[in-house]
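Examining the three-dimensional arrangement
This is what each chain is made of:
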Amino acid sequence: MDASSSKEHRKLPRLVIGGHFHIWKVQIELYFKSLGYWDHVKSDTAPAVVENGPTAAQILARCKGDLLLCLDTKLLADVIHCETSKDILENLTKIFTGS
């Protein structure tokens, strides 16, 4: 198994109502950093396309999808309207910290 394949099998950290948002935020940042996607998640910038790799749209969609998969049903309902992964993180921050 090559390095890129092993990255695909990392477990996403879960976030639930009453959960420790500050800990989850560190975990999700580390998860996306391990994939090389964190800069795209936090800023919604399109990644550079690598030959024979996923397109920028595929990477951004995966980031959004991975974030949504982390959430319990109540939180998912609160952020499902978000267009981007950055919007999801900003909305979760407001939900958990009020700012």
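Bear in mind the structure is a predicted one, so any value in this text is a computation, not a measurement.

**Some remarks on the packing of aromatic side chains**
Overall, the coordinates contain 3 aromatic pairs when judged by the stated rule. On the basis of an interplanar angle of 5 degrees and a centroid distance of 5.0 Å, the ring pair of Phe21 and Phe96 is categorised as stacked. With Phe21 in helix H2 (residues 21–35) and Phe96 in helix H6 (residues 85–97), this pair connects stretches of sequence that are 75 residues apart. Given the relative accessible area of 7%, Phe21 is considered buried. For Phe96, a relative accessible area of 24% gives the class partly exposed. Among the aromatic residues, those joined into a cluster by ring pairs are Phe21, Trp24 and Phe96.

Each value, and the rule that gives it
- Counting starts from 1 at the beginning of each chain's written sequence and moves along it residue by residue.
- Two thresholds apply to this predicted model, a pLDDT of at least 70 for residue-level local features and 80 or more for giving and counting side-chain atom pairs, whereas whole-chain, interface and lining totals are computed over all residues.
- Values shown for side chains rest on all heavy atoms present in the structure; no hydrogens or waters enter the calculation.
- Here the aromatic set is Phe, Tyr and Trp, taking the six-membered ring for Trp, and pairing holds for ring centres within 6.5 Å; pairs whose planes are under 30 degrees apart are stacked, those over 60 apart are edge-to-face, and all others are tilted.
- For helices the rule is a DSSP run of H or I covering at least 4 residues; for strands it is a run of E covering at least 2, with both sets numbered from the N terminus onward.
- Here the term buried applies to any residue with accessible area under 20% of the maximum for its type, exposed to any over 50%, and partly exposed to those in between, with areas from a 1.4 Å probe on protein chains only.

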